[in-house]
Amino acid sequence: MVKSGAPSRERIVAGVADMISRRGLSATSIREMAKHAKAPLGSTYHYFPEGKQQLAAEAIRFTGEWVAGSLRKELEAGPAAGLRAFLGLWRKIVVESDFHAGCPVLAVAIEEPPEDEIPPALAAAAEVFEQWEDLLAASLREHGAEAGQATQLATLIVAAVEGTVAMCRAKRSTAPLDRTAEQLQVLIAAAIKD
């Protein structure tokens, strides 16, 4: 996600996103996050004085924007191209990590938050999912889908892809991505009027 020569802060954020994608948030300490990012603990606290939740929220937003950047580019060619890029990005991550990494946004979203509190990382995950849905829905509308249907289909795409990534990790196979891709392509073709 980030070049090794990148500034320390960005390298830390990218490293933490990778670690969360592999182990979740609760299973990691800020010390382990810094070590995984190959950063001194002091630098980590310098950049993230509020600690683990601040760092995790930044990592989730970083992942969100990284994915959104790819989506924006590919959605210029239409929602089907955007879907292929979205699926391709996650396929690459699960395959290149030998099925050890998934989506850090999902990893944070499924963890139990403290009672009566929405931690910053969970709030960031909600924002990221909404951003991805909004990008997909806008493309669907631009290509002729009715507004309500575009919103529903965008939510379905994000939910299906995120769930499929988890299934790929569990099954150690990309077959769930292939099956999901086929069905989502059918739904997109039915919704748009290109």
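Quantities reported herein were computed from a predicted structural model and do not represent experimental measurements.

(A) Focus on the side chain of E111. Note that E111 resides in the loop between α6 (104-109) and α7 (120-142). Although E111 is buried, it makes no salt bridge; K52 carries the closest opposite charge, 6.6 Å away. Once residues lying within four places of it in the same chain are set aside, the contact partners of E111 are G24, L25 and S26.

(B) Inspection of the pattern of salt bridges at higher detail. What the rule picks out here adds up to 8 salt bridges. Salt-bridge contacts for R9 lead to E58; the nearest nitrogen and oxygen are separated by 3.6 Å. Within this pair, whereas R9 is found in helix α1 (residues 8-23), its partner E58 is found in helix α4 (residues 52-75), the two being separated by 49 residues in sequence. Linking R23 and E32 is a salt bridge whose minimum nitrogen-to-oxygen distance equals 3.5 Å. The class of R23 is partly exposed, set by a relative accessible area of 40%.

(C) Looking closely at the packing of α4 against helix α5 (residues 79-96). Two numbers describe how α4 lies on α5: the axes approach to 8 Å, and their chain directions differ by 140 degrees. Between α4 and α5, the angle is such that the two are oblique. As α4 runs across α5, the sense of the crossing is right-handed. Within the contact between the two elements, α4 uses T63, W66, V67, S70, L71, E74 and L75 and α5 uses P79, A81, G82, A85, F86, L89, W90 and I93. Per-class residue counts for the contact of α4 with α5 are 11 nonpolar, 3 polar and 1 charged.

(D) Up close: α1. Compared with the 22 Å implied by 1.5 Å per residue over 16 residues, the 22 Å span of α1 between its first and last C-alpha is a close match. Of all the residues in α1, the buried ones are I12, V13, A14, G15, V16, A17, M19, I20 and S21. Tucked into the core, α1 has its buried residues touching α2 (30-36), α3 (41-47), α4, α6 and α8 (147-171). Of the residues trailing α1, G24 is marked for its positive phi of about 85 degrees.

(E) Representation of unusual backbone geometry. Within the chain, K38 stands out as a residue other than glycine whose phi angle is a positive 55 degrees. Note on K38: relative accessible area 69%, which makes it exposed. The phi angle at F99 is positive, at roughly 70 degrees, despite the residue not being glycine. Inspection of the secondary structure assignment puts F99 in the loop between α5 and α6.

The rules behind these values
Residues numbered from 1 in each chain as written. Predicted model: local features only at pLDDT ≥ 70, side-chain atom pairs only at ≥ 80, totals over all residues. Heavy atoms only, no water. Helix = DSSP H or I, 4+ residues; strand = E, 2+ residues; numbered from the N terminus. Buried < 20%, exposed > 50% of the residue type's maximum accessible area, 1.4 Å probe, protein only. Lys, Arg positive; Asp, Glu negative; His and termini not counted. Salt bridge = Lys/Arg side-chain N within 4 Å of Asp/Glu carboxyl O. Contact = heavy atoms within 4.5 Å. Axes fitted to C-alpha atoms, helices over the stretch in contact; angles between N-to-C directions. Parallel < 35°, antiparallel > 145°, perpendicular 65-115°, else oblique. Left-handed = near helix turned anticlockwise from the far one by under 90°. Nonpolar A, V, L, I, M, F, W, Y, C, P; charged D, E, K, R; others polar. Expected span 1.5 Å × (residues − 1).

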